[in-house]
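# Residue-level structure breakdown
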Number of protein chains: 2
Amino acid sequence: MTAGAQSPRARYREQTRAEIKDIALRQLAEGGTAAVALTRIAKEVGLSGPALYRYFDSRDALLTDLIRDAYADLAAAVGRAAGALDESRPRARLHALAGACRSWAVAQPHRYLLIQGTPVPGYTAPPDTLDSARAVLGPFLPAFAAAEPSESVRPMVAQMTEWAAKDPVVAEWARAHVPAGAEGAALAGGVLGWTSLHGAVGLEVSGQFEGMGHTGDTLLAAQIDALADSFGLD
Amino acid sequence: MTAGAQSPRARYREQTRAEIKDIALRQLAEGGTAAVALTRIAKEVGLSGPALYRYFDSRDALLTDLIRDAYADLAAAVGRAAGALDESRPRARLHALAGACRSWAVAQPHRYLLIQGTPVPGYTAPPDTLDSARAVLGPFLPAFAAAEPSESVRPMVAQMTEWAAKDPVVAEWARAHVPAGAEGAALAGGVLGWTSLHGAVGLEVSGQFEGMGHTGDTLLAAQIDALADSFGLD
DNA sequence: TCGCAACAGTTAGAGACTGTAACTCTTTCG
DNA sequence: CGAAAGAGTTACAGTCTCTAACTGTTGCGA
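Conventions we followed
- Residues numbered from 1 in each chain as written.
- Chains lettered and ligands numbered in written order.
- Predicted model: local features only at pLDDT ≥ 70, side-chain atom pairs only at ≥ 80, totals over all residues.
- Heavy atoms only, no water.
- Near = heavy atom within 4 Å.
- Polar contact = N/O pair within 3.5 Å; in protein donor to acceptor, adjacent residues only side chain to side chain.
- Nonpolar A, V, L, I, M, F, W, Y, C, P; charged D, E, K, R; others polar.
- Helix = DSSP H or I, 4+ residues; strand = E, 2+ residues; numbered from the N terminus.
- Phe/Tyr/Trp six-rings, centres within 6.5 Å; stacked < 30°, edge-to-face > 60°.
- Buried < 20%, exposed > 50% of the residue type's maximum accessible area, 1.4 Å probe, protein only.
- Lys NZ or Arg CZ within 6 Å of the ring centre and 35° of its normal.
- Axes fitted to C-alpha atoms, helices over the stretch in contact; angles between N-to-C directions.
- Left-handed = near helix turned anticlockwise from the far one by under 90°.
- Contact = heavy atoms within 4.5 Å.

Chain A is annotated in an unreviewed UniProt entry as TetR family transcriptional regulator of Streptomyces phaeofaciens.

Neighbouring DNA strand D are 20 residues, the closest being Arg9, Arg40 and Arg59 of chain A together with Arg54 and Tyr55 of chain B. Close to the protein, within 4 Å, the atoms of DNA strand D are drawn from sugar and phosphate at a rate of 66%. A distance of 2.7 Å is found between a phosphate oxygen of DNA strand D and a side-chain nitrogen or oxygen belonging to arginine 40 of chain A. A distance of 3.5 Å separates a phosphate oxygen of DNA strand D from a polar side-chain atom of tyrosine 12 of chain B. A breakdown of the residues in the surface near DNA strand D according to their chemical character gives 11 nonpolar, 3 polar and 6 charged.

Looking now at the protein's contact with DNA strand C. Around DNA strand C, a shell composed of 20 residues is seen, among which Arg54 and Tyr55 of chain A together with Arg40, Tyr53 and Arg59 of chain B lie nearest. Atoms of DNA strand C within 4 Å of the protein: sugar and phosphate make up 70%, bases the balance. Between DNA strand C and leucine 38 of chain B, the relevant distance is 3.0 Å, taken from a phosphate oxygen to a main-chain nitrogen or oxygen of the residue. Note that a phosphate oxygen of DNA strand C is positioned 2.9 Å from one of the backbone N or O atoms of threonine 39 of chain B. The set of elements that each furnish at least two residues to the surface near DNA strand C consists of helix H1 (8-31) of chain A together with helix H1 (8-31) and helix H2 (38-45) of chain B. Of the residues assigned to the surface near DNA strand C, the class counts are 11 nonpolar, 3 polar and 6 charged.

Here we take up the packing of aromatic side chains. Residue and element names in this part refer to chain A. Throughout the structure, instances matching the rule amount to 2 aromatic pairs over all chains. Summarising the aromatic geometry, the rings of phenylalanine 144 and phenylalanine 231 are spaced 4.9 Å apart at their centres and angled 70 degrees between planes, so their arrangement reads as edge-to-face. Of this pair, phenylalanine 144 sits in the loop between helix H6 (128-137) and helix H7 (154-166) while phenylalanine 231 sits in the segment after helix H10 (216-230), and the two are 87 residues apart along the sequence. Residue classification places phenylalanine 231 among the buried residues on the basis of a relative accessible area of 0%. The ring of tryptophan 173 is capped by arginine 134, whose NZ or CZ atom sits 5.8 Å from the centre of that ring.

On to the packing of helix H3 (residues 59-83) of chain B against helix H4 (residues 90-107) of chain B. All names here are of chain B. Where H3 contacts H4, the two axes come as close as 9 Å, and the packing angle between them is 145 degrees. As H3 packs across H4, the resulting crossing turns out to be right-handed. Facing Ala70, Asp73, Leu74, Ala77, Val78, Ala81 and Ala82 of H3, the residues of H4 in contact are Arg93, Leu97, Ala100, Cys101 and Trp104. Each residue belonging to the contact of H3 with H4 can be placed in one class, and the counts come to 10 nonpolar, no polar and 2 charged.

This is how it looks when you write it as structure tokens:
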């Protein structure tokens, strides 16, 4: 996409940007967001300090780029998993998609924490991460096409139905994944699914279950099954 | 506890420590962990830079202290909520306790994020936070005394039963809150409850549901009800 | 083919921060 | 009352972000 090789200069520029990001990702993995330091990256690339500002406006811009990439990457992983799915088994679909998210996160915890971790109060995410977030969540929605929400989640479904009625953009997005009339349930399922996923994967990835006698996949499976139960899914 | 006033010097020392922590908390609220800076605190206290190192060994030590306080505070809030509870209604118990956690977190998001947010790779929490974590989670366990786990959570219960069999400390802890034989279900309930709570509250507090058409309490209630359903609680 | 604008890189340096060293003054206490 | 412990100071080393001002190099249009 966006044309591979333009001028040789532009190509070299892209290459350097990529190298910078690679090193930044390594620093991120080694010491978290705080450990990403332009000066050290520069030293490693063989440039001297301020030269990096030719490639990224600021340290924040670099991190933003990493966030964008991670979101897109996760969305792609989920999309790939959604490709080979049997439409008729909603519960299995949820397990497969949630499992794909978890696998992605466990394989590269630092990147998951980057997009899902504690936000810096001042920082606002780039608007296109919202698109990516929708791309991640979208494939979950069809699972709720024939949902029969239980008492427990009905208030949630009601609020989401109302939301869809007010916000045409969201309504349209829901309708792209689910037959008319099921928007409320689908949105509720999406939000609750995202919540369960965030809970299980977030705790696993941040190591808070270290030394406890359960495995991450069992925990996630239990959460997803409970969700499926709440919506009466097969 | 630990004797209020000893020498006047010790008292003054405690007072200064408290003042430092207060300012640190304000900085935390304003700009997240990264915004807590000893030099700026010193300026505000009226001391000059290095003087703060008389009170805290390092910036990390200060943050650790804040974490310890926050944990203890949350545990206290949950303990208080657990005080006035009807033993016979497990589902209501879960809602009350989870609601107490959420209220605490929503009232002071920065402190919740401090203890529950992204960990710094190098950092290891002080061991007594584990006690506090148990103090937070303990009151949830009695709700699962008469649980009848559904298919969905049974693998989880099995793993936790096995864990209790292997780790006598954990088994004893569970038995302090629940009759013999229910340890597995109680531990599973605790872990799943913590997961649901973390998912719902974490997303709410970090503002990721901004502009979505649901409220934090409805989301949490749905999660907790689903959990209660999974364990066949009244 | 030449010339110049855009680009890539440099050094110097300001300003914020953490943390150490060495030193002075004050309190406490035996 | 005198010495040790404590509270504070300045000076400084080192890391980091980012700006300013300057130099060399590319590439493209006339």
